[in-house]
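Observations on the model geometry
So you can see what is in the structure, the chains are spelled out below.
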Amino acid sequence: MKKILPLLAASAVAAVLAGCTSMTPEQCKVADWYQVGLEDGSHGEPPRSQLADYAKDCAEVGVRPDAERYRVGWEAGIPRFCTPYSGWREGTQGNTSKQDACRGRPGEGAFAMALDAGLQVHRTRQSLNSNDSEIRRMEKRLQDKGLNDKQRSETRDRLRYLDFEQSRLRRLLADQERMAPR
């Protein structure tokens, strides 16, 4: 039994470190609430909702999260998240759910600027993908033998415009990506 307990503790911490937002009963029994808070803060998770989720998960085995230790850990972890690198990563993934995580904290301005820049990259990539789909659709349309000359000409004009737009978007994306935190 003495060998199993450390293994359970290690697996609980590993699951929490992996960004797991809920806990198994076994994890609840061995959780280091400071470490759980530290990891949640490092990932920009909101402390109140996370703690409420843990309380709900752990109630079935009679474990109550140590809110104070969790909060101290979270406070130690959130500065790791409030960086330009995290803002950029969240933005390029199109994730705005954590945009308020750094509000009122050191690093808020740099995080918010990087998040906005990353979101611009995300939107540009979406536009490129959308145009790619439209180009494929237009190229397929050109193969339609039922098109008359006017329709074929309009389709080619649309393709030229889309090609031009793709070039513009690629240049824009390159410029935007140069704004990545270094």
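For the structure itself, consult the block above.
These notes cover the structure that comes with them. Along each chain, numbering runs from 1 in the same order as the chain's sequence is written. Two thresholds apply to this predicted model, a pLDDT of at least 70 for residue-level local features and 80 or more for giving and counting side-chain atom pairs, whereas whole-chain, interface and lining totals are computed over all residues. Excluded from the side-chain calculation are hydrogens and water; included are all heavy atoms of the structure.

1. A few points about the overall build of the protein chain
Along the backbone of the protein chain there are eight helices and zero strands. Starting at the N terminus and ending at the C terminus, the protein chain contains elements arranged as α-α-α-α-α-α-α-α. With 182 residues in all, the protein chain has 37% of them scored as buried. Counting only contacts in the protein chain whose residues sit at least 6 apart along the sequence, the fraction spanning at least 24 positions is 69%. As presented, the protein chain carries roughly 11200 Å² of accessible surface, and 52% of it is formed by carbon and sulfur atoms. Only runs of H or I of at least four residues qualify as helices and only runs of E of at least two qualify as strands under DSSP, and these elements are numbered from the N terminus. In this scheme, a residue with accessible area under 20% of its type's maximum is buried, one over 50% is exposed, and one in between is partly exposed, where area comes from a 1.4 Å probe on protein chains only. Two residues qualify as a contact provided that any one of their heavy atoms is within 4.5 Å of a heavy atom in the partner residue. In this description, accessible areas are obtained by the Shrake-Rupley approach with a 1.4 Å probe, and a residue is regarded as covered only by the protein chains that are shown.

2. Overview of the packing of aromatic side chains
Between 30 and 60 degrees the pair is tilted, below 30 it is stacked and above 60 it is edge-to-face, where a pair is any two Phe, Tyr or Trp rings, Trp via its six-membered ring, whose centres lie within 6.5 Å. Under the defined criterion, the tally for this structure stands at three aromatic pairs. Ring plane angle 65 degrees and centroid distance 6.1 Å describe the contact between Tyr-54 and Tyr-70, whose orientation is recorded as edge-to-face. With Tyr-54 in helix α4 (residues 47-59) and Tyr-70 in helix α5 (residues 67-81), this residue pair connects regions lying 16 residues apart in the sequence. The burial state of Tyr-54 is the same as that of Tyr-70; both residues are buried. Consider the rings of Phe-81 and Phe-111, whose centres lie 5.2 Å apart with planes at 50 degrees: the pair is tilted. With a gap of 30 residues between them, Phe-81 in helix α5 and Phe-111 in helix α7 (residues 108-142) connect regions that are remote in the sequence. Residues Phe-81 and Phe-111 agree in their burial class; the two are buried.

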